[in-house]
Amino acid sequence: MEEELKAILKEAFGDSSSDSDGELPEDQPERFQVNDSSDGMVKPHSIFGDTHIWEPIKEINGLWICSDFLSADQQSTLLSAIEKEGYLSGASHNQAMRFGDLPPWAIELSQHIRENVLLSGYFSDYMDLARRDSGKEKCLFPPELLWREPLFNQLIVNIYQPGEGICAHVDLMRFEDGIAIISLESSCVMHFSRVGAEVSDLEPPAKIPVLLTPGSVILMWGEARYMWKHEINRKPGFQNWEGREIEQKRRTSVTLRKLCQTE
Ligand SMILES: O=C(O)CCC(=O)C(=O)O
Ligand SMILES: [Fe+2]
């Protein structure tokens, strides 16, 4: 596995990240050296000056958010591309699905996700975790998911009017691990609760709130994808962040997933 990763690194970034004796070099190029801060954030040091920051949701392994994933311009471009598709026109349409060949904007979005994960320098991070043989579940996105082809082949666009949300659920098993959700137009709080917590506890299950701002993306894999439910409750009183109730507006989200292969 380590060899395979190094080969990928070499191909993507040239020779500097590989060495001859099978060990990872201690002095990797600066742009790969990340995640040494105590807050656990992954800060890219790209030569292109990228500012994307991936933050882990500490309570939930496999759940990461990049709040500045899309600029304001990119968000409007994406929204108009979605609108142009036409499949969301008409008041009754609040959800559209695509399987297989994704529209160009969704392919671009997938590529943007892959690039951003790569730019985070997560490889050195992953190798570090792998070398210590502990805590791989703490990595941003495992290489076997990041390099699968295609990264995603199913998409859902959801449009929520104020008051509308989505009940607590684990995404269907017909989808592989590794799911991305992009938020557009307005913020909401998504709550995560452990699968089974509702029956095993006398107390109401603890819910971990995550603020999804417009232009953000979350990645869910492993425990976050299989052991936690996610929900958006937009009934009055549930959308609180930092002591304030969020003003509800229309929200659009794009969920990207990969269908399990059926043979
Ligand atoms: O709209 C969202 O942010 C969540 C959508 C979702 O959970 C789903 O489509 O399975
Ligand atoms: Fe979901």
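Residues numbered from 1 in each chain as written. Chains lettered and ligands numbered in written order. Predicted model: local features only at pLDDT ≥ 70, side-chain atom pairs only at ≥ 80, totals over all residues.

This part covers the overall build of the chain. Tallying secondary structure elements over the chain gives seven helices and 13 strands in all. With 263 residues in all, the chain has 27% of them scored as buried. Nonlocal contacts in the chain, meaning residues at least 24 apart in sequence, comprise 74% of its contacts between residues at least 6 apart. (Helix = DSSP H or I, 4+ residues; strand = E, 2+ residues; numbered from the N terminus. Buried ≥ 20, exposed ≤ 12 C-beta atoms within 10 Å, placed from the backbone. Contact = placed C-beta atoms within 7 Å.)

This part takes up the site of ligand 1. Near ligand 1, the surroundings consist of Ile 156, Asn 158, Ile 166, Asp 171, Ile 181, His 230, Ser 253 and Thr 255. Secondary structure elements with two or more residues in the shell around ligand 1: strand 4 (154-160) and strand 13 (251-257). (Near = placed C-beta within 6 Å.)

Before going further, it helps to spend a moment on the environment of Met 227. Mapped onto the fold, Met 227 is located in the loop between helix 7 (223-226) and strand 10 (228-232). Beyond its immediate sequence surroundings of up to four residues, Met 227 is in contact with Arg 194 and Val 195.

Here we come to unusual backbone geometry. When glycine is set aside, most residues are seen to have a negative phi, and most peptide bonds are trans. Each neighbour pair has its own omega, and for Glu 149 with Pro 150 the value is -10 degrees, a cis peptide bond. As for its position among the elements, Pro 150 is in the loop between helix 5 (143-146) and strand 4. In this structure, Glu 185 is a non-glycine residue whose phi angle is positive, near 80 degrees. As for its position among the elements, Glu 185 is in the loop between strand 6 (179-184) and strand 7 (188-194). Phi angles above zero are rare outside glycine, and Glu 242 is one such case at about 50 degrees. Here Glu 242 shows up in the loop between strand 11 (240-241) and strand 12 (244-245).

Here we take up the sheet that holds strand 5 (residues 166-169). Pairing within the open sheet is antiparallel, and its four strands lie in the order 5-10-7-8. Strands with a single pairing partner mark the edges of an open sheet, and in this sheet they are strand 5 and strand 8 (208-212). In this sheet, adjacent strand axes meet at a mean angle of 20 degrees when their direction is disregarded. With five bridges joining them, strand 7 and strand 8 adopt antiparallel strand pairing. Paired with His 191 across the two strands is Pro 209, which belongs to strand 8. (Pairing = 2+ DSSP bridges. Axes fitted to C-alpha atoms, helices over the stretch in contact; angles between N-to-C directions.)

Formed by 42 residues in total, the largest nonpolar core has its most connected members in Ala 180, Val 217, Ile 218 and Leu 219. By residue number, the principal contributor to this core is strand 6, which donates five residues. Every residue in contact with Ile 218, bar those within four places of it in the chain, is listed here: Leu 63, Trp 64, Ile 65, Ile 181, Val 210 and Leu 212. (Core = buried A, V, L, I, M, F, W, Y, C linked by C-beta atoms within 7 Å.)

Following the sequence through the fold, Val 254 ends up in strand 13. Judged by the 21 C-beta atoms lying within 10 Å of it, Val 254 is buried. On a C-alpha basis, the gap between Val 254 and Ser 186 in space is 13 Å, while along the polypeptide they are 68 residues apart. Discounting residues that sit within four places of it in the chain, Val 254 has contacts with Leu 109, Leu 155, Val 157 and Ile 182.

Before going further, it helps to examine the sheet that holds strand 4. If you trace the seven strands from one edge of the open sheet to the other, you get 1-2-9-6-13-4-3, paired in antiparallel fashion. The sheet terminates laterally at strand 1 (54-56) and strand 3 (95-99), the two strands that pair on one side only. Neighbour-to-neighbour, the strand axes of this sheet turn through a mean angle of 15 degrees, independent of strand direction. The strands that helix 3 (residues 104-119) touches are strand 2 (63-66), strand 4, strand 6, strand 9 (217-220) and strand 13; relative to strand 13, the one it contacts most, it runs at about 75 degrees.

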